[in-house]
Amino acid sequence: MKKTLLAAALLAGFATAGVAQAETSVTLYGILDTGYGYQSYKYDRGGIDATSKSSGLRSGTVNGNRFGLKGSEDLGDGLRAIFQLEQGFDLGTGAGSSTKQFHRQAFVGLSSDSWGTFTMGRQYSAGVEVGNLIVNGWNLGDVDKVFGGTGYGNRIDNSFKYVTPDFAGFKFVALYGSEGSDAIDRVNGQGWAAVPSIWDGSEITDAEPASRERTSRTSVGLMYANGPISAGASYDRSGQTKNEKAITSWNLNAAYDFEVVKLGLAYGQDRNGKLGWASGVDGLDSAPSVAFTDFKSNNYHVGLSAPIGGGTLYAGWSYSTSNLDDSDKLGDDAGNISTYQINYFYPLSKRTGVYTYASYGKNLGYVRDLKGTEAGIGLNHKF
């Protein structure tokens, strides 16, 4: 009798564990993307003739290399606790692509089919989510070489994000984040760390009152996806320090799948800078836009993709005009950006595919006569 009771208790325990396992899940996932690529940049203007060429293994062309954990726990009544931690890395060297442990994404929150999803942490802006609705290129052919607010540089620290449930194809996204403090307490225009004598009681003259200048980020977007149609609108605002104007970016995009070909269109404007332009063509594309607080740009994109030979062929063009060519700014040293790309992706399975691409750009980063060329082939694997 005792053995029977013990066996029943063990079976009940295993059954309970099985239910708990079914209600809680943690998934390890990742993307490995690498191949061979050629890259060339050339600047020939004002007596300067500079060329930079490189070739060899390229890491993260179609998708940035990453691994991550995401999980969900069923809390009952349709409510779930969710989290995601994602780290990027260079597949060629094995090195992390940031000093942050989980720089790509790191958040936790609650999700409900009826009430939507609320998360907190480091997350993508609404501009990125809306931008993902259109057909896009890679590397030099990516729209983030022209548009502000849509690129994957728009991951917002210390942010709160809400996404509504799907209402007949519509979703609304709202995010607010405090991206950190740009300023420090100042003495004679320098940080406290530069004046160690303050700690030993030495006299400090012309001391300024302690001040904190904090940046903030607001991001909202509306998306629609139903059948062959997808469309979206986004607005991003980065509040700067008290002596600078806020950087803003708004974008509209739409795509329609005709089955034989899919068309994507986008238009947007940037003011007082380009959000997400922390890096690019040797850092050149970020410098002009942050030098003038009255910076303005108008951005355009057209992309076409079609199923051919079991894979997908893409061709895209992006274009941006700005006021940097005004006489009180860069004048004739500034030009309008144009980028072109054609690429082809062929799936070997649901998880693995091969690809090839070629790109060309001119006046990159609004620098007149700065031209770039890229070409390559590679392998993309998801797990």
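Residues numbered from 1 in each chain as written. Predicted model: local features only at pLDDT ≥ 70, side-chain atom pairs only at ≥ 80, totals over all residues. Heavy atoms only, no water.

**Q** Just checking my understanding: could you explain the pairing of strand S13 (residues 247-257) for this structure?
**A** Two faces make up the sheet, and in a regular strand the side chains alternate between them. Direction of pairing for strand S12 (residues 229-239) relative to S13: antiparallel, over a ladder of 10 bridges. For Arg237, the partnering residue across the bridge sits in S13 and is Thr248. Two strands pair when backbone bridges link them, and S13 and strand S14 (residues 262-271) are joined in this way by 10 bridges, in the antiparallel orientation. Among the inter-strand pairings, Tyr256 is bridged to a residue of S14, identified as Leu263. In textbook terms, the turn of a hairpin is the stretch between consecutive antiparallel strands, and for S13 and S14 this stretch comprises four residues, one of which, Glu259, has a positive phi near 75°. (Pairing = 2+ DSSP bridges. Helix = DSSP H or I, 4+ residues; strand = E, 2+ residues; numbered from the N terminus.)

**Q** Just to check I follow, could you spell out a nonpolar patch on the surface for this structure?
**A** Among the surface-exposed residues, Val108, Phe118, Met120, Phe160, Tyr162 and Tyr176 lie close enough to one another that they form a single nonpolar patch of about 540 Å² accessible area. Broken down by secondary-structure element, the contributors of at least two residues to the nonpolar patch are strand S6 (116-124) and strand S7 (155-163). Take Tyr176: it is sitting in strand S8 (residues 170-181). (Patch = residues over 30% accessible without salt bridge, like charges linked within 9 Å, V, L, I, M, F, W, Y side chains within 5 Å. Areas by Shrake-Rupley, 256 points an atom, 1.4 Å probe, with all protein chains shown as cover. Salt bridge = Lys/Arg side-chain N within 4 Å of Asp/Glu carboxyl O.)

**Q** Looking at this structure, I do not really get the pattern of salt bridges. What am I missing?
**A** For side chains of opposite charge, pairing can occur when their charged atoms come near one another. Inspection of every chain in the model, using the stated rule, returns 14 salt bridges. A salt bridge links Asp49 to Lys42, with the nearest nitrogen and oxygen atoms 2.9 Å apart. Relative accessible area serves as the criterion here: at 54%, Asp49 is assigned to the exposed category. On the basis of relative accessibility, which here comes to 35%, the residue Lys42 falls in the partly exposed class. Residue Arg217 is joined to Asp236 by a salt bridge in which the shortest nitrogen-to-oxygen separation is 3.2 Å. Taken together, the positions of Arg217 in strand S11 (residues 214-226) and Asp236 in strand S12 put the pair 19 residues apart, joining distant regions of the chain. (Buried < 20%, exposed > 50% of the residue type's maximum accessible area, 1.4 Å probe, protein only.)

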